[in-house]
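Close look at the chain arrangement
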Amino acid sequence: MNKNNVLIIGAVAVAFAAIGAAVANLYGGWAALTLTPGPTASASQGQAQGQTSALGPVEALYAQSLNDATGAPHALSQWKGKALVVNFWAPWCAPCVQEMPELAELATELANESAARRIHVIGIGIDSPSNIAQFASTLKITYPLYVAGMSGTELARNFGNSAGGLPYTVLIGADGKVKKTYLGRLKFAELKADLAKL
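These lines cover the structure that appears in this document, whether it is placed above or below. Here the residue index of a chain counts from 1 through its sequence in written order. Reporting in this predicted model follows two pLDDT cut-offs: at least 70 for local features of residues, and 80 or more for side-chain atom pairs to be given and counted; totals over whole chains, interfaces and linings ignore these cut-offs and use all residues. Hydrogens are left out, water is left out, and the side-chain values use all remaining heavy atoms of the structure.

1. Describing the overall build of the protein
When helices and strands are tallied, the protein shows seven helices and seven strands. Accessible surface computed for the protein: about 10400 Å², of which carbon and sulfur atoms make up 59%. Helix and strand definitions follow DSSP, with helices as H or I runs of at least four residues and strands as E runs of at least two, each counted in order from the N terminus. Calculation of accessible area relied on Shrake-Rupley with a 1.4 Å probe; when residues are assessed, cover is drawn exclusively from the protein chains displayed.

2. Points about the sheet that holds strand β2 (residues 73-75)
In space, the seven strands of this open sheet follow the order β2-β1-β5-β4-β3-β6-β7, with mixed pairing throughout. The open sheet has two free edges, formed respectively by β2 and β7 (178-183), since each of these has just one partner strand. Each strand axis lies, on average, 30° off the axis of its neighbour in the sheet, ignoring direction. Here a strand pair is declared whenever DSSP counts at least two bridges between the two strands. Strand direction decides the pairing type here: strand β3 (residues 83-89) and strand β4 (residues 119-125), joined by seven bridges, are parallel. Its bridge partner being in β4, valine 86 is matched across the sheet by isoleucine 122. Between N-to-C directions, angles span 0 to 180 degrees; the directions come from axes that are lines fitted to C-alpha atoms, helices contributing only their stretch in contact.

3. Some points on the packing of aromatic side chains
Between rings of Phe, Tyr and Trp, where Trp is taken as its six-membered ring, a pair exists when centres lie within 6.5 Å; planes separated by under 30 degrees are stacked, by over 60 edge-to-face, and by other angles tilted. As enumerated under the stated definition, the model contains two aromatic pairs in all. Relative to phenylalanine 159, the ring of phenylalanine 88 has its centre 6.3 Å away and its plane inclined at 50°; by these criteria the two rings are tilted. Within this pair, whereas phenylalanine 88 is found in strand β3, its partner phenylalanine 159 is found in the loop between α6 (151-158) and β6 (168-172), the two being separated by 71 residues in sequence. Judged by centre distance (5.0 Å) and plane angle (40°), the rings of tryptophan 89 and phenylalanine 135 are tilted. Highlighted residues: tryptophan 89 in strand β3 and phenylalanine 135 in helix α5 (residues 129-139), separated in sequence by 46 residues. Both residues of the pair, tryptophan 89 and phenylalanine 135, count as buried. Relative accessibility thresholds used throughout: buried, under 20% of the residue-type maximum; exposed, over 50%; partly exposed, between the two (1.4 Å probe, protein chains only).

4. Observations concerning the pairing of strand β1 (residues 65-68)
Taken together, the three bridges between β1 and β2 define a ladder with antiparallel strand orientation. What sits directly across from leucine 66, in β2, is histidine 74. Once β1 ends, the chain turns through four residues before running back antiparallel as β2, passing glycine 71 with a positive phi of about 95°. Pairing geometry for β1 and strand β5 (residues 145-147), over two bridges, is antiparallel. Looking across to β5, one finds that asparagine 67 is bridged to valine 147.

5. Focus on the packing of helix α4 (residues 94-111) against helix α7 (residues 188-196)
Remark: α4 packs on α7, axes separated minimally by 12 Å, with the N-to-C direction vectors making an angle of 25°. Looking at the two axes, α4 sits roughly parallel to α7. Where α4 crosses over α7, the two elements pack in a sense that is right-handed. Mapping the contact onto sequence places Glu99, Glu102, Leu103, Leu106, Glu109 and Leu110 in α4 and Phe188, Leu191, Lys192 and Leu195 in α7. In this count, Pro and Cys sit with the nonpolar residues alongside Ala, Val, Leu, Ile, Met, Phe, Trp and Tyr, while Asp, Glu, Lys and Arg are called charged and the others, Gly among them, polar. Within the contact of α4 with α7, the residues separate by chemical class into six nonpolar, no polar and four charged. Any angle that falls under 35 degrees is termed roughly parallel, while one over 145 is termed roughly antiparallel, one within 65 to 115 roughly perpendicular, and all others oblique. We call a crossing left-handed when the near helix sits turned anticlockwise from the far one by less than a right angle, and right-handed when that turn is clockwise. Pairs of residues are marked as contacts when any of their non-hydrogen atoms sit within 4.5 Å.

6. Some details on the state of the cysteines
Pairs of cysteine sulfur atoms within 2.5 Å are identified as disulfides in what follows. Applying the stated criterion across every chain yields a total of one disulfide. Across the disulfide, cysteine 93 is cross-linked to cysteine 96 (sulfur-sulfur distance 2.4 Å). Note on the cysteine 93 and cysteine 96 pair: the S-S dihedral is about 80°, so by sign convention the disulfide is right-handed. Taking the relative accessible area as the measure of exposure, cysteine 93 reaches 0% and is therefore buried. The class of cysteine 96 is buried, set by a relative accessible area of 0%.

7. Digging into the pattern of salt bridges
Whenever Lys or Arg places a side-chain nitrogen within 4 Å of a carboxyl oxygen from Asp or Glu, that contact is recorded as a salt bridge. Taken as a whole, this structure holds five salt bridges when the rule is applied. The closest approach of N and O atoms between glutamate 109 and lysine 192, which form a salt bridge, is 3.9 Å. Here glutamate 109 is found in helix α4, whereas its partner lysine 192 is found in helix α7, with 83 residues between them in sequence. Put simply, aspartate 194 and lysine 180 hold a salt bridge, and the shortest N to O gap is 3.1 Å. Of the two residues, aspartate 194 sits in helix α7 while lysine 180 sits in strand β7, which places them 14 residues apart along the sequence. The class of aspartate 194 is buried, set by a relative accessible area of 10%. For lysine 180, a relative accessible area of 29% corresponds to the partly exposed category.

Limitation: the analysis is restricted to geometry and does not speak to function.
And the structure:
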């Protein structure tokens with residue numbers, strides 16, 4: 001292979017990378033961001049997934065214990081009996097990052113509701129603890145963020161996110177039933193209308 005062929009192949013590779021980035025940006029990022037758990041998952045993660053797969057999606061969520069952005073562990077069973085907006089996201093997902101400030105504003109509004117009407121917002125991050133910690137400190141998100149790593153993809157799939165796209169949001173009633181799911185960037189007028197029906 002001569003020098004000219006190597007240069008042409010390199011230029012074509014760069015062009016395809018640029019086209020891929022443009023397509024991902026054109027479709028809001030999530031269409032190109034499908035995740036599958038890799039073969040590097042630990043044995044304990046595999047056992048935990050096997051134990052929760054027999055449960056319904058909400059029960060599987062409540063069976064989790066996840067660290068927050070500071071590394072402190074939290075049992076998600078603390079949210080049982082409470083209405084929840086569960087947002088699956090990642091720091092590298094552009095639509096996820098774009099919707100988070102508005103989601104944080106909504107979480108603040110909801111926190112001011114009476115106890116009987118209160119709805120909580122939680123975020124489940126699909127990335128490494130260090131990336132989520134850095135993101136949380138930079139953006140100052142006011143609602144709880146938990147680190148699920150790649151196991152968060154399986155949790156989202158339990159709720160019907162078969163494509164593994166992000167962001168993915170689940171509305172859970174205080175009765176523990178899934179009321180609605182949202183794939184892609186949230187439309188907040190729609191979400192607020194759905195919250196009003198709870």
